[in-house]
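Fold and contact review
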Amino acid sequence: MPAVVILGCGGVGRALLKQIAATKLTVAAVCDSKNALVAANGAFTAAQLSAIAEAKAAGKPLAVEGATVVPVTDSAGLAAVLKQCKEAAGGKCFVADCTASDATGPAMAEAGVAVALANKKPVTSSIDLYNKLALENPRNFRNESTVGAGLPVMAMLRRMVTSGDPISRVAGCFSGTLGFVMSGLEAGKKLSDVVAEAKSLGYTEPDPREDLSGMDVARKALIIARSMGWKLEMDDVKVEGMYPPEMGQDKMSVDEFMAALPSLDADMAGKAQAAAADGKVLRFAAVVADGKCLVGLQSVPKNTAMGALQGTDNIVEVISSCYPVSPLVIQGAGAGTETTASGVLADLLELADIHA
Ligand SMILES: NC(=O)c1ccc[n+]([C@@H]2O[C@H](COP(=O)([O-])OP(=O)(O)OC[C@H]3O[C@@H](n4cnc5c(N)ncnc54)[C@H](OP(=O)(O)O)[C@@H]3O)[C@@H](O)[C@H]2O)c1
């Protein structure tokens, strides 16, 4: 019986614990930032998984009757737990990384386990780590939920790459927050008003610059480029965020930033009006083409799938030899703990089938 280890018991990890209980997969361990909880006989029951999720949701430490708590303080400690679970399961260990940690990638690589990632860090840090996790044994690697949550973006790209359909361009909107902002601009709202609205609705991070910088979109662009075989590092992605450097996190507080935002309204309204005069709309997009990754504002024709996108949905358009003019399009919710967990679960089930 293969062992599933779930790293992270936050929003996505807890949703995965609930979803996995209804499948053929068995969970051998659950880890958070402090501890690994290892099932005594190699597999938690559905009732134990539910108790673990409820306890963590209530802010309690990882614990459940019939399991051992192993303190884990660093990447080496996590690798040791993973190796132990792998050995106990006869060599078959699938790890679902539902953290946002830098420590998990090196641990998973050292333990030589199969991985299903929601965490972008292992695939956006050094190309060496990426090679170890993704390329040395592709049968051990899935990362659907690192781009577009549960949308089958990575599965689609993998099928196109492995079937030999040359991809010439991937373009997408991968930030629900920036999608909401773009729809607001299109409706004639001021940038400062629509960002304040997104913040009050909980669509932005506590510091909206985390979203407006475009860095999360840039990480997704890098993941797409690497999945197409490009040997790029993060510095190779050209990112133009939605605010100037003098309004950066090192220059002013969140409140000061929100107060300064109206100074950007006129320029942004001018860009939106210029696009509209041309039958276009503004989108905050990633474009991966011609060996380059560009992330920032784009004017796109309104009568395209990307131009028609509204609200927080994500979209990806792919041009390839089989889809040379009208792109292959995938669109839908690109965030949310349930949909993100469902992407991880689909990856785990695929790994289980591959290694059956
Ligand atoms: N939420 C979404 O809609 C969404 C969508 C797409 C992708 N994602 C990605 O999914 C991942 C998880 O998101 P989330 O919303 O569930 O985050 P979250 O609620 O902050 O949960 C993160 C979990 O990771 C644990 N953790 C941190 N460092 C760890 C380590 N070294 N080893 C093991 N566990 C560790 C934390 O432990 P403690 O409980 O001890 O703090 C926590 O349980 C992130 O990478 C995120 O970018 C999320």
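Residues numbered from 1 in each chain as written. Predicted model: local features only at pLDDT ≥ 70, side-chain atom pairs only at ≥ 80, totals over all residues. Heavy atoms only, no water.

An unreviewed UniProt entry lists the protein chain under the name Homoserine dehydrogenase, with Eutreptiella gymnastica as the source organism. The record held by UniProt for the protein chain lists under Sequence similarities (unreviewed entry) the comment "Belongs to the homoserine dehydrogenase family." Recorded under Catalytic activity (unreviewed entry), the UniProt text for the protein chain is reproduced unchanged: "L-homoserine + NADP(+) = L-aspartate 4-semialdehyde + NADPH + H(+)". (UniProt positions renumbered as here; feature names shortened; annotations may be inferred.)

Bringing helix α15 (residues 337–354) into the picture now. Residues spaced three or four apart along an α-helix point in a common direction, a consequence of the helix completing one turn every 3.6 residues. The terminal C-alpha atoms of α15, which comprises 18 residues, lie 26 Å apart, in line with the 26 Å expected from a rise of 1.5 Å per residue. Within the span of α15, buried status applies to T340, A341, G343, V344, L345, D347, L348, L351 and A352. Here the buried face of α15 lies against β1 (3–7), α1 (11–20), β5 (93–97), β6 (114–117) and β7 (141–142). (Helix = DSSP H or I, 4+ residues; strand = E, 2+ residues; numbered from the N terminus. Expected span 1.5 Å × (residues − 1). Buried < 20%, exposed > 50% of the residue type's maximum accessible area, 1.4 Å probe, protein only. Contact = heavy atoms within 4.5 Å.)

Let's shift gears to the packing of helix α3 (residues 75–88) against helix α4 (residues 104–111). The geometry of α3 relative to α4 is characterised by a closest axis approach of 8 Å and an angle of 40° between their N-to-C directions. Taken together, the axis directions place α3 and α4 in an arrangement best described as oblique. The interaxial crossing formed by α3 with α4 has right-handed handedness. On α4, the residues touching S75, L78, A79, L82, K83 and K86 of α3 are T104, P106, A107, M108, E110 and A111. Of the residues assigned to the contact of α3 with α4, the class counts are seven nonpolar, two polar and three charged. (Axes fitted to C-alpha atoms, helices over the stretch in contact; angles between N-to-C directions. Parallel < 35°, antiparallel > 145°, perpendicular 65-115°, else oblique. Left-handed = near helix turned anticlockwise from the far one by under 90°. Nonpolar A, V, L, I, M, F, W, Y, C, P; charged D, E, K, R; others polar.)

Another point: the domain arrangement of the protein chain. We note that the domain assignment places domain 1 (3–150 + 338–354) and domain 2 (162–333) within the protein chain. When each unit is reduced to the centre of its C-alpha atoms, the spacing between domain 1 and domain 2 is 30 Å. The partner domain 2 presents 15 residues to the 13 residues of domain 1 that form the contact. Buried surface at the junction of domain 1 and domain 2, summed over both partners, amounts to about 1,100 Å²; 63% is from carbon and sulfur atoms. For the salt bridge of D216 with K120, the shortest nitrogen-to-oxygen distance reads 3.3 Å. Our count for the contact surface shared by domain 1 and domain 2 stands at five residue pairs in polar contact (both at pLDDT 80 or more). (Domains from an automatic or database assignment. Buried area = accessible area lost by both parts, 1.4 Å probe. Salt bridge = Lys/Arg side-chain N within 4 Å of Asp/Glu carboxyl O. Polar contact = N/O pair within 3.5 Å; in protein donor to acceptor, adjacent residues only side chain to side chain.)

Considering the arrangement of structural elements, one finds V12 in helix α1. Between the C-alpha atoms of V12 and T99, which are 87 residues apart in sequence, the distance is 8.4 Å.

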